[in-house]
Structure formats: C-alpha cells, structure tokens
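Each chain is listed here by its residues.
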Amino acid sequence: SVSVERAANSSGPWVVIHPELNEHHEETVAIDHDAGIGIDWHYRLRGRLSDGEIIVFGPVSASARPQAVESAITSIGPNPSSAGTQIQYVVAHRGPVRLELIDVMGRVVATLENRVADPGPYSAAWDGVAKGSRLPAGLYFIRLTAPDGVSTARFVAIR
C-alpha cells in the first residue's frame, strides 16, 4: 500500500492526505486541493512492501499558487513613463502569446513578446524605444493576445 503525507516542515509532523489522483501518460499526478495558498508544503510517499517493510520517498517541497483562470495584463509600471516600463501579465493556458505596444490608430509600434508560453506569471521590460527611436509622447495600448483571448491596458508615454 502507498500513502501520500504532507507537513508544513520537512521534519514533520506528517499527516496522511487523500489527494486527487490523475493518470497523465505513464505517470500518476496527485493534486492536493486542501493545501493552503502561498504556503511551502513538504510531501512524501510512504509505502508498505509485501513483506511488511516500510519505505519512504521524499520529502519534496511545493508551494500552492493560485492558477489564473484567464490570461490578462496585471500591471504596467511606471505608467506614465518617459523611459520605458515593466509589464506584468499572466497566461492561463499553454499556447502562442503576443505582447504588443499599439498606437491610438491601432498600429503595432513594438512587439515585446512573441512565443509559446506555459501557464503562469510573466514579466516583460520595454526600454521606451520603438523602431530605433524614443517613443513620442501620447496614449498607447499594451495588447496581450493569448490562447484564451485578448487583454488590453492603457500606457502613457511622456517626455
């Protein structure tokens, strides 16, 4: 028999948990739905062999993070800016992702990201330069295009 145990400390105390088990290719994935978000947890497998011997695998540590339900731009800063900015965004589903700077006429001024991304949080830095020169002052948009949709946020360039 095999059990999954969890502890807040790598030395215990260990508590048997009953995670959701999913078969994924030739692996079994255990999902601990009761783990508190943002806490570092420690897990181990405890098995009993047919001769009664107990074997323990682990511990391994993991931290539960909230999973994004939809891709979105989460912050732009500084905004307004005269020298560039940092864009934080989250991707909900694996797939092609484009992050673009758009002018008010809808033209792409700069492409900041163009790749396949796994789910999770990301950051992109932009230096304020587009097509070899400093961006003129004005209103712009940052557009994130991801597998589950499009997210847009305003950005103001100042001199």
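Our structure's up above, just so we're on the same page.
Just so we're clear, the structure is a prediction, and the values are computed from it rather than from any experiment.

Brief notes about the environment of W126
Inference 1: In this structure, W126 sits in strand 11 (residues 120–126).
Inference 2: Put simply, W126 and Q86 are 40 residues apart on the chain and 6.2 Å apart in space, counted from C-alpha to C-alpha.
Inference 3: A distance of 3.1 Å separates a polar side-chain atom of W126 from the backbone oxygen of V129.

Focus: the environment of Q86
Inference 1: Looking at the element boundaries, Q86 is found in strand 8 (residues 85–91).
Inference 2: If we ignore the near neighbours within four places in the chain, the residues touching Q86 are S75, I76, G77, S123, A124 and A125.
Inference 3: Among the polar contacts listed, one links the side chain of Q86 to the side chain of S123, at a separation of 2.4 Å.

Re a nonpolar patch on the surface
Inference 1: On the surface, V104, M105, L139, V156 and I158 cluster together to form a nonpolar patch covering roughly 440 Å² of accessible area.
Inference 2: Relative to the helices and strands, I158 is located in the segment after strand 15 (149–157).

Overview of the side chain of H42
Inference 1: By secondary structure assignment, the location of H42 is in strand 5 (residues 40–48).
Inference 2: Owing to a relative accessible area of 17%, H42 belongs among the buried residues under this scheme.
Inference 3: If we ignore the near neighbours within four places in the chain, the residues touching H42 are E5, R6, A7, A8, N9, S10, W14, P59, V60 and S61.

Focus: the sheet that holds strand 6 (residues 54–63)
Inference 1: Here we have 4 strands laid out as an open sheet, ordered 2-1-5-6, and antiparallel in their pairing. The two strands at the open ends of the sheet, each matched to only one other strand, are strand 2 (15–17) and strand 6. Within the sheet, the average angular offset between the axes of one strand and its neighbour, ignoring direction, is 35°.
Inference 2: Relative to strand 5, strand 1 (residues 2–7) runs antiparallel, the two sharing 6 bridges. Looking at the pairing, V2 lines up with G47 of strand 5.

Regarding the packing of aromatic side chains
Inference 1: Here the structure, examined in full by the defined rule, presents 2 aromatic pairs.
Inference 2: Where Y89 meets Y122, the ring centres are 5.6 Å apart and the plane angle is 20°; that geometry is what we call stacked. With Y89 in strand 8 and Y122 in strand 11, this residue pair connects regions lying 33 residues apart in the sequence.
Inference 3: Overall, Y89 belongs to the buried group, its relative accessible area being 2%.
Inference 4: When the ring of W126 is compared with that of F155, the centres are 5.8 Å apart and the planes differ by 85°; the resulting orientation is edge-to-face. Here the residue W126 occupies a position in strand 11, and F155 occupies one in strand 15, the gap between them amounting to 29 residues.
Inference 5: The class for W126 is buried, based on a relative accessible area of 8%.
Inference 6: The ring of W41 carries R6 above its face, with NZ or CZ at 4.7 Å from the centroid.

Details of the pattern of salt bridges
Inference 1: Considering all chains together, one arrives at 7 salt bridges under this definition.
Inference 2: Notably, a salt bridge pairs R6 with D32, separated by 2.6 Å at the nearest N-O pair. Linking R6 in strand 1 with D32 in the loop between strand 4 (27–31) and strand 5, this pair joins segments that are 26 residues apart in sequence.
Inference 3: Of the charged contacts, one joins R115 and E113 as a salt bridge, the two residues approaching to 2.9 Å between their closest N and O atoms.
Inference 4: One network of salt bridges, with partners in common, ties together R98, E100 and R143.

Parameters at a glance
- Residues numbered from 1 in each chain as written.
- Predicted model: local features only at pLDDT ≥ 70, side-chain atom pairs only at ≥ 80, totals over all residues.
- Heavy atoms only, no water.
- Helix = DSSP H or I, 4+ residues; strand = E, 2+ residues; numbered from the N terminus.
- Polar contact = N/O pair within 3.5 Å; in protein donor to acceptor, adjacent residues only side chain to side chain.
- Contact = heavy atoms within 4.5 Å.
- Patch = residues over 30% accessible without salt bridge, like charges linked within 9 Å, V, L, I, M, F, W, Y side chains within 5 Å.
- Areas by Shrake-Rupley, 256 points an atom, 1.4 Å probe, with all protein chains shown as cover.
- Salt bridge = Lys/Arg side-chain N within 4 Å of Asp/Glu carboxyl O.
- Buried < 20%, exposed > 50% of the residue type's maximum accessible area, 1.4 Å probe, protein only.
- Pairing = 2+ DSSP bridges.
- Axes fitted to C-alpha atoms, helices over the stretch in contact; angles between N-to-C directions.
- Phe/Tyr/Trp six-rings, centres within 6.5 Å; stacked < 30°, edge-to-face > 60°.
- Lys NZ or Arg CZ within 6 Å of the ring centre and 35° of its normal.

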